[in-house]
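A look at the structure
The chain contents come next:
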Amino acid sequence: MRIRATVAAVSGALALSALAVPAAQADGSAPSYRAEVAKAFGSHGKTAFTATAPVGDLDVSFSNFKIASAIVVGTTNRVSTTVTYTMTHGADIDINSDDFDNGPIIYKGSIDAPDNVLGGDLPATCTATSSTTASCKGLIDIDPADELINADAGTWSGGALAVTYSNDGSTVQGGLATTKLQRFARLTVNASPEPVKKGRTITVTGLLSRANWDTGKYAGYTVQPVGLQFRKKSSSTYTSTLKTVKSDSKGNLKTTTTATVDGYFRYNFAGTSTTPAVKATGDYVDVQ
């Protein structure tokens, strides 16, 4: 679920330009959690937010926020990641009421003017641990085709919010954790000729590519250092990097090495803040 902010201040509040509401809820027959999340962000002015303190009219705060260190997203498949946290609330709040919901969010940029906000299609589920605390679990649901652009890759912050439907009450809290949203990567390798005589030159080619959220396709990841590794046929372990090759303007890789013994060659990319590490499946070369 996305709340893409045009991020302009309108009467001191965020202008929220996109938020899909499920068809079953569009006729007003049931409260829409996602629509209420949009209201929560739109109802609190930019000057009201601080880095980590809860802001709003509900006596709710959040802590112990746990999320994966990185979320890797391709071009087509929806990705969901689990978030757990503790919710502390006033004695007057009934967490089991149909009028009350809460859930996790992640946002890019600052909490007062986020470039993008992602949350769950459904609210979190919570189990009371005392009269004023609860252990909660929710999802961040991501559809790359509709919710991401390339500029979204990188570090995001975690937060949570609570809403009441009957009176449009809400509280938002940011700065609870960080995670990286990364563009899924692919890496190939081809070593030739096969077979090859000992002492002859082996040419190793490949392609490093990653998800392009702007186009919905994969494109070469350019000018990136990639290590060439080798393991003997009799071994299960790859050696340290033989040499480092930089991908060209289209993501292509090419280098040469000398044939010594039978074994497997692979490329190994260490990753960046926007793209995860990836290893190619080894390509076997028979040395005669």
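The sections below set out a description of the structure shown in this document.

What counts and how
- Within each chain, residue numbers correspond to sequence positions counted from 1 in written order.
- Local features in this predicted model are restricted to residues of pLDDT 70 or higher, and side-chain atom pairs are both shown and tallied only at a pLDDT of 80 or more, whereas totals for entire chains, interfaces and linings draw on every residue.
- Calculated side-chain values reflect all of the structure's heavy atoms, with hydrogen atoms and water omitted.
- Helix numbers and strand numbers start at the N terminus; a helix is a DSSP run of H or I with at least 4 residues, a strand a run of E with at least 2.
- Each residue gets one of three labels from its accessible area relative to the maximum for its type: buried under 20%, exposed over 50%, partly exposed in between, using a 1.4 Å probe on protein chains only.
- Two strands pair if DSSP finds at least two bridges between them.
- For every element, the axis is a line fit to its C-alpha atoms; helices are fit only across the contacting stretch, and the angle between N-to-C directions ranges from 0 to 180 degrees.

Comments concerning the side chain of R34
Relative to the helices and strands, R34 is located in helix α2 (residues 33-43). With a relative accessible area of 13%, R34 lands in the buried category.

Some words on the sheet that holds strand β4 (residues 60-66)
Across the sheet, four strands lie side by side as β4-β6-β10-β9; this open sheet has antiparallel pairing. On the outer flanks of this sheet lie β4 and β9 (125-128), each paired with one strand and no other. Mean inter-strand twist for the sheet, computed between neighbouring axes without regard to direction, equals 25°. By the bridge criterion, 10 bridges tie strand β6 (residues 79-89) to strand β10 (residues 133-142) in an arrangement that is antiparallel. Within β10, the position partnered with V83 by the bridge is G138.

Here we look at the pairing of strand β12 (residues 169-183)
Counting buried positions over the 15 residues of β12 gives 11, a clear majority of the element. As paired strands, strand β3 (residues 55-56) and β12 are joined by two bridges and run antiparallel to one another. Paired with V55 across the bridge in β12 is V172. Counted between consecutive antiparallel strands, the loop separating strand β11 (residues 154-164) from β12 contains four residues, among which D168 sits at a positive phi close to 55°.

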